[in-house]
Amino acid sequence: MTEAILLVGGKGTRLRPLTVHTPKPMLPAAGVPFLTHQLARARAAGVEHIVLATSYLAEVFEPHFGDGSALGLHLEYVTEEEPLGTGGAIRNVASRLHSGPDEPVLVFNGDILTGLDIGALVRTHETSGADVSLHLTRVTDPRAYGLVPTDGAGRVLAFLEKPQTPEEIVTDQINAGAYVFRRSVIDTIPAGRVVSVERETFPGLLAAGAHLQGMIDSTYWLDLGTPAAFVRGSADLVLGKAPSPAVPGRCGDRLVLPTARVAPDAKLAGGTVVGEGAFVAEGARVFGSTILPGAVIEPGAVVTDSLIGTRARVGERAVLSGAVIGDGAVIGAHNELREGVRVWCDARIPAGAVRFSSDQ
């Protein structure tokens with residue numbers, strides 16, 4: 001296998017306001033755009049040619065990655081004029097593939113952080129003679145995912161989208177967002193319209209008697225679709241819990257990018273990342289958080305499991321936990337922002353305006 005399709009066209013609406021100016025795959029995770037980690041892992045598995053299926057804010061990808069030569073890859077970019085869904089996006093880039101009809105093509109989603117053994121998935125595909133092979137993983141609560149039951153040999157039996165009742169939960173195996181297609185199967189996907197591989201292509205292939213093979217790989221896996229998950233994924237990359245050859249530094253409790261500044265008595269831990277040009281002032285404590293480029297954490301602020309946007313500012317002795325602060329936003333001194341709060345880009349919260357506890 002030498003080529004792949006990477007689906008990076010989604011709007012990332014669950015990650016707003018982080019994705020107002022930046023597409024989800026380009027959000028920094030462990031100091032570099034998340035897409036960098038995916039490209040580096042594909043290259044390490046032997047992939048040489050990757051076609052990026054872009055749509056939302058498509059113009060930002062190529063200026064950053066160019067032709068891919070810096071990563072040892074040959075990259076091409078195809079932009080959808082209108083979003084086409086996962087299947088439509090795959091079909092839309094088919095003309096850029098070089099593989100023969102029976103050769104394998106890797107397809108993966110641009111928002112999954114995983115330790116998947118890509119080579120093992122390809123070997124499973126080839127030894128089973130499958131038309132499509134799917135990476136499956138096991139989760140404790142599968143209600144938010146598509147279930148994929150298999151027989152004893154790993155052959156897929158059905159696709160069950162987001163079950164809600166106990167009777168519908170027949171397996172804990174879910175579609176983990178990475179596939180190997182026989183090249184000729186991609187050409188059977190309808191062109192020029194919205195197609196979902198999960199809801200249309202895969203069930204249709206199964207109904208037509210095609211061989212769909214599942215491979216369970218329960219190494220690290222995380223869907224980065226929510227702010228809390230994205231912050232956790234970045235921290236896990238820094239801590240070394242999630243594997244990537246693209247982390248720009250040694251794995252450990254913190255990652256401080258070269259032009260960032262951190263006061264000597266500031267405390268950083270839990271996989272915290274401080275981006276280029278950011279500043280963490282004296283007495284500040286930052287745990288398990290991502291501080292994007294140019295952001296400022298003022299003296300005595302406490303930031304936990306949060307993401308602070310580009311050029312945002314967190315005021316003196318402010319307390320943030322599970323918060324998302326948009327690009328350019330200003331959080332005044334002595335504010336207290338707790339789990340789930342999202343402050344939009346360029347918003348300004350006056351000093352002491354928001355609290356979750358008393359003023360004592």
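First things first, this report covers the structure right here in the doc. In this convention, every chain numbers its residues from 1, walking through the sequence in written order. Residues qualify for local features only when their pLDDT is at least 70, as the model is predicted, and side-chain atom pairs are given and counted only at 80 or more; totals for whole chains, interfaces and linings, by contrast, use all residues. Excluded from the side-chain calculation are hydrogens and water; included are all heavy atoms of the structure.

## Details of the sheet that holds strand 16 (residues 267-269)
Here, strands pair whenever DSSP counts at least two bridges between them. Helix and strand definitions follow DSSP, with helices as H or I runs of at least four residues and strands as E runs of at least two, each counted in order from the N terminus. Read from one edge of the open sheet, five strands run 16-19-22-25-28, paired in parallel fashion. What marks the edges here is a single partner per strand, and that holds for strand 16 and strand 28 (336-337). Sheet analysis places strand 16 next to strand 19 (residues 285-287), joined by three bridges and oriented parallel. Bridge pairing links Lys267 to Arg285 in strand 19.

## So, empty space enclosed by the protein
It is a probe the size of a water molecule, rolled over the atoms, that shows where empty space is left. Lining residues are those with an atom within 4 Å of a point, where the points come from a 1 Å grid over the protein atoms alone and group into cavities, where a 1.4 Å probe fits but cannot get out, or pockets, open sets with protein on both sides within 12 Å along at least five of seven lines. Grid points are joined across faces, edges and corners, and a volume is the space filled by probe spheres set on the points. This structure, assessed with the given rule, holds two cavities of 30 Å³ or more. Considered as a void within the structure, the largest cavity measures approximately 170 Å³ in volume. Lining the largest cavity are 16 residues, and of these Gln38, Arg41, Phe108, Ile112 and Thr114 lie nearest its centre. If you list the elements that add at least two residues to the lining of the largest cavity, you get helix 1 (34-44), strand 6 (104-109), strand 7 (112-114) and strand 11 (173-182). Each residue gets one of three labels, nonpolar for Ala, Val, Leu, Ile, Met, Phe, Trp, Tyr, Cys and Pro, charged for Asp, Glu, Lys and Arg, and polar for the others, Gly among them. When grouped by side-chain class, the residues that make up the lining of the largest cavity number 10 nonpolar, five polar and one charged. Taken as a whole, the second largest cavity holds about 30 Å³ of empty space. Surrounding the second largest cavity, Leu84, Gly88, Arg91, Asn92, Pro190, Ala191, Gly192 and Arg193 form its lining. Classifying every residue of the lining of the second largest cavity by side-chain character gives three nonpolar, three polar and two charged.

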